Amino acid sequence: MAKGANAKQQITEKILKTFPNAFQYEKEIRIPMEENGEEIQIKCVLTCAKTNVNVNNQIEDAEVPFDEESDGIKGAMTEPSAQEKQAVADLISKLGI
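Residues numbered from 1 in each chain as written. Predicted model: local features only at pLDDT ≥ 70, side-chain atom pairs only at ≥ 80, totals over all residues. Heavy atoms only, no water.

Caption draft 1: Representation of the pattern of salt bridges. Under the criterion given, the structure shown has two salt bridges. Between Arg30 and Glu28 there is a salt bridge; the shortest N-O distance is 2.7 Å. Residue Arg30 is classed as buried on the basis of its relative accessible area of 18%. For Glu28, a relative accessible area of 14% corresponds to the buried category. A salt bridge links Glu28 to Lys43, with the nearest nitrogen and oxygen atoms 3.5 Å apart. Of the two residues, Glu28 sits in strand 2 (residues 28–35) while Lys43 sits in strand 3 (residues 38–44), which places them 15 residues apart along the sequence. (Salt bridge = Lys/Arg side-chain N within 4 Å of Asp/Glu carboxyl O. Buried < 20%, exposed > 50% of the residue type's maximum accessible area, 1.4 Å probe, protein only. Helix = DSSP H or I, 4+ residues; strand = E, 2+ residues; numbered from the N terminus.)

Next comes the structure, spelled out in structure tokens:
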């Protein structure tokens, strides 16, 4: 059984009980509502988080080092490398785009 499957099922049941017109559509939960006289549907998709965070947005059991000075992940790229840009340019050229 997938990680979080039991928890997702419990949460799905609570959402469906809380919103009587809610229903499941494929992997989504759809919640019909009315806004400005028009019916809309709010869709919810539940997934189990890979990494837990606490209420202060701090990563728990992080697999990557966090850089406090830049408020980011150490070594994280902010833009593609020259090699990656060239690979994309080559692909575009081959596709004739």
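Now, onward.
Caption draft 2: Broad picture of unusual backbone geometry. Notably, Glu26 is not glycine yet its phi reads approximately 55°, a positive angle. In this structure, Glu26 sits in the loop between strand 1 (23–25) and strand 2. Owing to a relative accessible area of 66%, Glu26 belongs among the exposed residues under this scheme. Positioned with a positive phi, Asn36 is a non-glycine residue whose angle comes to about 55°. Mapped onto the secondary structure, Asn36 falls in the loop between strand 2 and strand 3. Residue Asn36 is classed as exposed on the basis of its relative accessible area of 78%.

Caption draft 3: Structural view of helix 2 (residues 82–95). Counted at 1.5 Å a residue, the expected span for helix 2 with its 14 residues is 20 Å, and the 20 Å between its end C-alpha atoms agrees. Two residues or fewer after helix 2 comes Gly96, characterised by a positive phi angle close to 70°. (Expected span 1.5 Å × (residues − 1).)

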